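Below, each chain spelled out in residue letters.
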Amino acid sequence: MFKEQLKDLIIKAKGAKNSELVLKNANIINVFSGEIIKGDVAIDNGKIVGIGEYKGENEIDLEGKYLSPGFIDSHVHIESSMSSPSQFAKVIVPRGVTTIIADPHEIANVKGVEGIKYIIEDSKNVPLDVQVMLPSCVPSTNFENAGAILEAKELKDLIDEDNVIGLGEMMNYPGVIGVDDNILDKLILFNDKIIDGHGPMISDKDLNAYVAAGIKTEHECSTIEEVIDRIRLGMYVLLREGSAARDLRNIIHGVNKDNLRRFLLCTDDKHPDDLINEGSIDFNIKLAIKFGINPVDAIRMATLNPSECYGLKNKGAIAPGYMADLVVIDNLDDLNILKVFKSGKLVAEDNKALFDSAIYLPENMTESVKIKDIRIEDIQIPMKTNKANIIGVIEDSLVTDRIVKKVNTVDGYFGFSNDDILKLVVIERHLATGNIGVGLIENFKLKNGAIGSTVGHDSHNIIIIGDNDEDILIAIEELKRIGGGLTLVSKGEVLKSLPLEIGGIMTSKPIEETNSTLKEMIKISYDELKVNKNIDPFMTLAFMALPVIPKLKLTDMGLFDVEKFDFIESYNED
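Just so you know, these numbers come straight off a predicted model, no measurement behind them.

### A word on the overall build of the protein
No. 1: Of the regular secondary structure elements, the protein holds 16 helices and 30 strands.
No. 2: Taking the principal axes of the C-alpha coordinates as reference, the protein spans close to 90 × 50 × 45 Å.
No. 3: Considering the protein as a whole, with its 574 residues, one finds that 60% of them fall into the buried category.
No. 4: Long-range contacts, defined here as pairs at least 24 residues apart, represent 69% of the contacts in the protein between residues at least 6 apart.
No. 5: When the 63 positive and 92 negative side-chain charges of the protein are each reduced to one mean point, those points stand 3 Å apart.

Take a look at the structure:
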């Protein structure tokens, strides 16, 4: 800070000179003391200069409304919104979120370093602080092919980029505990920064080893026992409430007055419909209050706690010298947000963004579907017996069953029949290697068609489900034509598609438009393709290729038994 700026700040803090803006007559939420204080907040040059009684060049009378620090989402994948960072901001900023800790893991699996730089650059166009955790596990496993490989040397080249603050969720906890050299290189590179965890079900001495390696946070806790184990070892626990994983309500009762400062709030993955209808971190706060947390404490978990955990200076509180990232709230019962200020500027009001941004879409982020020509012969499943290993979809879960049952065979290959056993196809789409995994799946209940997507966690290869080969091939061609996205096919015709031109997983179109198309496609899936109404067709499909969640999954390399941690054949000889 230049001396003249510092002098001006001190003079205005003393009240000897009017500030640029004063928010008058507020009920100020003090996350340091736990109090609610009546007074004015003086703002100048984007910062808070004082609390008390002030005059300003501009004044806004809040008439006793509550004033909170801006909310912080402590772990989020922007890509799950299917929207670019600038479009994502237009939905969450009106919800009071002024800072996010983003892990661009998904786009990095498609576009590598270029994908991470895209997230950083597009985020500069909006009044939202996007702090970046560099992805630690690209690819996620050795059992699939992604679009990039990021080792310590690639991460080192990014560590000094704007807003890079640490290493993202360390999913490869076996690599940490097993002292894998590549993993150790990454941990050493970030030893003076924050490192996020992703270690569900680790316990005892293995958990000690994981924490000793420098890992400080955990967002995968699903039981209070896991929460307590991690808090005792000095970790921060992130209370997650996203679209697929809704853990906050299960573990909120582990929060008490003694450990409150070790808890943060996060969304992790939240889809367009839930962002629009539920909200973002404001929804987490409301849920915490509903389950008995004091409102000021709930807001503290969304402001001061993440700010201190991630080393965000001058954020997360209303105090002199702090950034004027502020949320005006009607009441603390339903948390109705009236206005949002970013660096002292009004950026949202009455749930509407007051900003726009130019579309930023570099050529290297598009045309991400690179595949060889695929014929019906390429997606057949050889069957040495008429018994098959089948992926069993479990409703409301990312876990699948391993089902063994008799199937129809024709000339030594799987043959479709009038039952619920469908074909699942995963095609490597980043480097045109020609890798194709084909397996069987049950309880999706699709009829007379195929559903295709390039959103397939975590490597985001093409994934198709169908009850006939012809429609499966049409879905593949349609995804290639639109440059990635989602598609529905029936009886030889494309019913509807949603192009996701950014890496095949995001779009720069308004999130409301994306959500409208997505909702229409889900309705078509249920009404015309007769998909099981107890599952989300696209979300369920996206996780069928993730070989770290039990029991059976399919990658471009084949059918993977997560419990055996090895590939198996589609036919069963037992």
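### Digging into the packing of aromatic side chains
No. 1: This model, assessed by the stated rule, comprises 8 aromatic pairs.
No. 2: Look at Phe-32 and Tyr-322: their rings are 5.9 Å apart centre to centre, the planes differ by 75 degrees, and that puts the pair in the edge-to-face class. With Phe-32 in the loop between β1 (19–29) and β2 (36–44) and Tyr-322 in the loop between α13 (304–309) and β14 (326–329), the pair connects residues that are 290 residues apart, well separated along the chain.
No. 3: We classify Phe-32 as partly exposed; its relative accessible area is 43%.
No. 4: Its relative accessible area of 19% is what places Tyr-322 among the buried residues.
No. 5: An angle of 70 degrees between the planes, with centres 5.5 Å apart, marks the rings of Phe-560 and Phe-565 as edge-to-face.
No. 6: The class for Phe-565 is partly exposed, based on a relative accessible area of 46%.
No. 7: What links up through ring pairs into an aromatic cluster is the set Phe-143, Phe-560, Phe-565 and Phe-567.
No. 8: The ring of Tyr-236 carries the charged tip of Arg-262 above its face, separated from the ring centre by 3.9 Å.

### A closer look at the environment of Glu-241
No. 1: As for its position among the elements, Glu-241 is in the loop between β12 (236–240) and α9 (248–251).
No. 2: The class for Glu-241 is buried, based on a relative accessible area of 0%.
No. 3: Taking the C-alpha atoms as reference points, Glu-241 and Phe-283, separated by 42 residues in sequence, lie 8.2 Å from one another.
No. 4: The residues touching Glu-241, leaving out its near neighbours within four places in the chain, are Arg-246, Asp-247, Leu-248, Arg-249, Cys-266, Thr-267, Lys-270, Phe-283, Asn-284 and Leu-287.
No. 5: A polar atom in the side chain of Glu-241 sits 3.5 Å from the side chain of Arg-246.

### Overview of helix α7 (residues 204–212)
No. 1: Among the residues of α7, Leu-207, Tyr-210 and Val-211 are the ones counted as buried. Across the axial projection of α7, the buried residues extend over an arc of 95 degrees, all falling on one side. Exposed side of α7, more than 90 degrees from the buried face: Lys-205 and Ala-212 are the residues found there.
No. 2: Buried positions along α7 lie against β9 (164–170), α5 (173–177), β10 (194–197), β11 (217–218) and α8 (224–232).
No. 3: Downstream of α7 by one or two residues, Gly-214 has phi in the positive range, about 110 degrees.

### Observations concerning the sheet that holds strand β25 (residues 462–466)
No. 1: Sheet architecture is open: 8 strands sit in the order β19-β18-β23-β22-β25-β24-β26-β27, paired in mixed fashion. In this open sheet, the two edge strands, each paired with only one partner strand, are β19 (400–406) and β27 (493–499). Neighbour-to-neighbour, the strand axes of the sheet open up by a mean angle of 25 degrees, direction not taken into account.
No. 2: Bridging between strand β18 (residues 387–393) and β19 involves 7 bridges; their strand directions are antiparallel. Opposite Ile-391, over in β19, you have Arg-402 as the bridge partner.
No. 3: Along the sheet, helix α14 (residues 469–482) contacts β22 (422–427), β24 (450–453), β25, β26 (485–490) and β27; its crossing angle with β26, the most-contacted strand, is approximately 150 degrees.

### Here's the deal with a negative patch on the surface
No. 1: Together, Asp-204, Asp-206, Glu-225 and Asp-229 make up a region of like negative charge exposed at the surface.
No. 2: Counting only elements with at least two residues in the negative patch, the list comes to α7 and α8.
No. 3: Along the chain, the position of Asp-204 falls in helix α7.

### A short note on the sheet that holds strand β8 (residues 129–134)
No. 1: One open sheet holds the 8 strands; their spatial order is β6-β7-β8-β9-β10-β11-β12-β13, and the pairing between them is parallel. Looking along the sheet, the strands with just one partner apiece sit at the ends: β6 (71–76) and β13 (263–266).
No. 2: With 4 bridges connecting them, β6 and strand β7 (residues 97–102) associate as parallel partners. Bridge assignment links Asp-73 to a residue of β7, and that residue is Ile-100.

### Considering the state of the cysteines
No. 1: Considering all chains together, one arrives at 0 disulfides under this definition.
No. 2: Not part of a disulfide, Cys-221 finds its nearest cysteine sulfur in Cys-266, a span of 10 Å.
No. 3: Cysteine Cys-309 is unpaired, with the sulfur of Cys-266 as its nearest cysteine sulfur at 11 Å.

### Topic: the pairing of β25
No. 1: Summarising burial for β25: 5 of the 5 residues are buried, a large majority.
No. 2: Burial along β25 is two-sided: Ile-462, Ile-464 and Gly-466 and Ile-463 and Ile-465, pointing in opposite directions, are all buried.
No. 3: Here 4 bridges tie β24 to β25, and the two strands are oriented antiparallel to one another. Paired with Gly-452 across the two strands is Ile-464, which belongs to β25.

### Section: the UniProt feature "domain: Amidohydrolase-related" (unreviewed entry) in the protein
No. 1: Per the UniProt record, "domain: Amidohydrolase-related" (unreviewed entry) is found at residues 66–347.
No. 2: A helix fraction of 34% and a strand fraction of 20% characterise residues 66–347, whose end C-alpha atoms lie 17 Å from each other.

### Comments concerning the side chain of Asp-122
No. 1: Structurally, Asp-122 can be placed in helix α3 (residues 105–123).
No. 2: One buried charge, Asp-122, has no salt-bridge partner; the nearest side chain with opposite charge is Lys-90, at 11 Å.
No. 3: A distance of 3.0 Å separates the side chain of Asp-122 from the backbone nitrogen of Ser-86, its partner in a polar contact.
No. 4: Not counting residues within four places of it along the chain, the set of residues in contact with Asp-122 comprises Ser-84, Pro-85, Ser-86 and Tyr-360.

### A word on the pairing of strand β28 (residues 552–555)
No. 1: What you see with β28 is no split at all: Leu-552 and Leu-554 on one side and Lys-553 and Thr-555 on the other are buried throughout.
No. 2: As paired strands, β28 and strand β29 (residues 558–561) are joined by 4 bridges and run antiparallel to one another. What sits directly across from Leu-554, in β29, is Leu-559.
No. 3: In this antiparallel pair of consecutive strands, β28 and β29, the connection spans 2 residues.

### Remarks on the nonpolar core
No. 1: Counting residues in each nonpolar core, the largest one holds 143 residues, and the members touching the most others are Ile-100, Ile-285, Met-301 and Ile-451.
No. 2: Looking at which element gives the most residues to this core, the answer is α3, with 7 residues.
No. 3: Those residues in contact with Ile-285, other than ones at most four positions away along the chain, are Phe-71, Leu-265, Ala-298, Ile-299, Ala-302 and Leu-335.
No. 4: Met-383, Val-425, Ile-464 and Leu-473 belong to the second largest nonpolar core, which has 26 residues in total.

Conventions we followed
- Residues numbered from 1 in each chain as written.
- Predicted model: local features only at pLDDT ≥ 70, side-chain atom pairs only at ≥ 80, totals over all residues.
- Heavy atoms only, no water.
- Helix = DSSP H or I, 4+ residues; strand = E, 2+ residues; numbered from the N terminus.
- Buried < 20%, exposed > 50% of the residue type's maximum accessible area, 1.4 Å probe, protein only.
- Contact = heavy atoms within 4.5 Å.
- Lys, Arg positive; Asp, Glu negative; His and termini not counted.
- Charge placed at Lys NZ, Arg CZ, Asp CG, Glu CD.
- Phe/Tyr/Trp six-rings, centres within 6.5 Å; stacked < 30°, edge-to-face > 60°.
- Lys NZ or Arg CZ within 6 Å of the ring centre and 35° of its normal.
- Polar contact = N/O pair within 3.5 Å; in protein donor to acceptor, adjacent residues only side chain to side chain.
- Arc of directions from axis to C-beta.
- Pairing = 2+ DSSP bridges.
- Axes fitted to C-alpha atoms, helices over the stretch in contact; angles between N-to-C directions.
- Patch = residues over 30% accessible without salt bridge, like charges linked within 9 Å, V, L, I, M, F, W, Y side chains within 5 Å.
- Areas by Shrake-Rupley, 256 points an atom, 1.4 Å probe, with all protein chains shown as cover.
- Salt bridge = Lys/Arg side-chain N within 4 Å of Asp/Glu carboxyl O.
- Disulfide = S-S within 2.5 Å.
- UniProt positions renumbered as here; feature names shortened; annotations may be inferred.
- Core = buried A, V, L, I, M, F, W, Y, C linked by side-chain atoms within 4.5 Å.

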